[in-house]
Amino acid sequence: MKPHILAAVLGLLGLTACTQLQPELPPDHAVDFVAEVKPLLESRCLECHHRRYVCAGLNLETKALAMKGGRSGPVIIPGAPHQSLLYKVLLLGHENPVAMPPTPEGVEREQQKLLHDWILQGAPWPEKVRLVPPQDWKTNRS
């Protein structure tokens, strides 16, 4: 295994170990998937994780595909944000090769908390709701 990939994996394991020591606090409010989570995932994740460009084997367009996960396995563990790769990669610094999104600015703390709370609440996702990649917004925005 290459040194930078090994370091990234060890970093994720360390992050998991540290966060398991902290008790989960109840979310401030019930997260609305369509109004809050869907726009966040579409704007920050779907550019690379959709049907035409399935980066790391992960397609987040539908609930079934998102729950299936990618090459690293499931990325959403309902009820367990600190075990969910979708949440954990947001907490990594940009210098980490597996940090997401792969932009220097990352995701704001409020958005991180939103995803944390959504996953903690069981990651509810209405069955018929499909995410739309930014590349398709002009022609197919739902």
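Residues numbered from 1 in each chain as written. Predicted model: local features only at pLDDT ≥ 70, side-chain atom pairs only at ≥ 80, totals over all residues. Heavy atoms only, no water.

S.K.: What am I meant to see in the environment of Leu92 here?
M.R.: Inspection of the secondary structure assignment puts Leu92 in the loop between helix 4 (85-91) and helix 5 (109-120). Its relative accessible area of 14% is what places Leu92 among the buried residues. Here the alpha-carbon distance between Leu92 and Gly106, two residues 14 residues apart in the chain, equals 9.0 Å. (Helix = DSSP H or I, 4+ residues; strand = E, 2+ residues; numbered from the N terminus. Buried < 20%, exposed > 50% of the residue type's maximum accessible area, 1.4 Å probe, protein only.)

S.K.: Can you walk me through the pattern of salt bridges in this structure?
M.R.: Where charged atoms of side chains with opposite charge meet at close range, the side chains can pair. Following the criterion strictly, the structure yields 7 salt bridges and no others. Note that Asp136 and Arg52 form a salt bridge whose closest N and O atoms lie 2.9 Å from each other. Of this pair, Asp136 sits in the loop between helix 5 and helix 6 (137-140) while Arg52 sits in the loop between strand 1 (49-50) and strand 2 (53-54); the two residues are 84 residues apart in sequence, bridging distant segments of the chain. On the basis of relative accessibility, which here comes to 11%, the residue Asp136 falls in the buried class. Taking the shortest distance from any N to any O, the salt bridge between Glu61 and Arg130 comes out at 3.6 Å. With Glu61 in the loop between strand 2 and helix 3 (63-68) and Arg130 in the loop between helix 5 and helix 6, the pair connects residues that are 69 residues apart, well separated along the chain. Of the residues examined, Glu61 reaches a relative accessible area of 0% and is grouped as buried. Classification of Arg130 as partly exposed rests on a relative accessible area of 39%. (Salt bridge = Lys/Arg side-chain N within 4 Å of Asp/Glu carboxyl O.)

S.K.: It is not clear to me how the confidence of the model for the protein chain should be interpreted in this structure. Could you clarify?
M.R.: Close reading of the predicted structure is inappropriate where its pLDDT is low. Per-residue pLDDT for the protein chain has a mean of 83; in total, 77% of the residues score no lower than 70. Note on residues 15-21: pLDDT is under 50 here. Beyond four places in sequence and across chains, it has 8 contacts. (pLDDT = per-residue confidence, 0-100. Contact = heavy atoms within 4.5 Å.)

S.K.: Just to check I follow, could you spell out the packing of helix 2 (residues 33-44) against helix 5 for this structure?
M.R.: Helix 5 packs onto helix 2 with a crossing angle of 120° between their chain directions and a minimal axis gap of 11 Å. When the axis of helix 2 is compared with that of helix 5, the two are oblique. At the point where helix 2 passes helix 5, the crossing takes the left-handed sense. Facing helix 2, whose interface residues are Phe33, Glu36, Val37, Leu40, Leu41 and Arg44, helix 5 presents Gln111, Leu114, Leu115 and Trp118. (Axes fitted to C-alpha atoms, helices over the stretch in contact; angles between N-to-C directions. Parallel < 35°, antiparallel > 145°, perpendicular 65-115°, else oblique. Left-handed = near helix turned anticlockwise from the far one by under 90°.)

S.K.: How should I be thinking about the layout of surface pockets in this particular structure?
M.R.: In this approach a probe as big as a water molecule rolls over the atoms, and the regions it shows empty are the leftover space. Empty space within the largest pocket amounts to approximately 600 Å³. In terms of lining, the largest pocket is formed by 27 residues, of which the most central are His49, Ala56, Val89, Val98 and Met100. Mapped by element, the contributors of at least two residues to the lining of the largest pocket are helix 1 (3-20), helix 2 and helix 4. The element best represented in the lining of the largest pocket is helix 4, accounting for 4 residues. Counted by class, the lining of the largest pocket contains 18 nonpolar, 6 polar and 3 charged residues. (1 Å grid on protein atoms, 1.4 Å probe; cavity = no way out; pocket = protein on both sides within 12 Å on 5 of 7 lines; lining within 4 Å. Points joined across faces, edges and corners; volume = space filled by probe spheres on them. Nonpolar A, V, L, I, M, F, W, Y, C, P; charged D, E, K, R; others polar.)

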